[in-house]
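Given next are the chains, with one letter for each unit.
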Amino acid sequence: MASEIRQLSVFIENKPGRLSKVLKLIGESGIDIKAMNIADTNDFGILRLILSDVDKAASLLKEKEYAVTITNVIAADVENTPGGLAGALSVLDTEGVSVEYMYASLSGTGEAAHVVIRVDDNEKASEALTAKGYKLIGDADIK
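These lines cover the structure that appears in this document, whether it is placed above or below. Everything numeric here is computed off the predicted structure, so don't read it as measured data.

### Describing the environment of Ser-29
Residue placement: Ser-29 occurs in the loop between helix 1 (18-28) and strand 2 (33-40). Taking the C-alpha atoms as reference points, Ser-29 and Leu-61, 32 residues apart in sequence, are found 11 Å from one another. The residues contacting Ser-29, other than those within four sequence positions of it, are Lys-56 and Leu-60.

Dropping the structure here:
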């Protein structure tokens, strides 16, 4: 089975103050943001979060009438050197795994980047990356 991480996506209007309001609600609840990404259009944004408590955040935001979804993604450590990410993506490409989106942050040591990846087949991607020596990481590994 793939080593998956649960990601919370929040759909928010692309208006001043909307993002900070969501982040304030999460912070006031004592939920730690471990990684995040936001993609936007003219009208709305999708805030993607790896959190210390996905279920609590989802419940809180639903109570405030935000549209949220929980998605299983994978994450891997990728060497923090020029071409490190390209190598991991090449593995996925060779195996025919399609990457929908990704985002990254440096690990605590800075020697590796934690890369969160949404793919069309978590199991296949996990197996391919592991076979090529990439370390899959879980929620506890993303600080």
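### Considering the pattern of salt bridges
Throughout the structure, instances matching the rule amount to 5 salt bridges. The partner of Glu-28 in a salt bridge is Lys-24, with the nearest N and O atoms 3.9 Å apart. Here Lys-24 and Glu-28 lie together in helix 1, a separation of 4 residues that amounts to about one turn. Judged on exposure class, the residue Glu-28 and its partner Lys-24 are both exposed.

Calculation rules
- Residues numbered from 1 in each chain as written.
- Predicted model: local features only at pLDDT ≥ 70, side-chain atom pairs only at ≥ 80, totals over all residues.
- Heavy atoms only, no water.
- Helix = DSSP H or I, 4+ residues; strand = E, 2+ residues; numbered from the N terminus.
- Contact = heavy atoms within 4.5 Å.
- Salt bridge = Lys/Arg side-chain N within 4 Å of Asp/Glu carboxyl O.
- Buried < 20%, exposed > 50% of the residue type's maximum accessible area, 1.4 Å probe, protein only.

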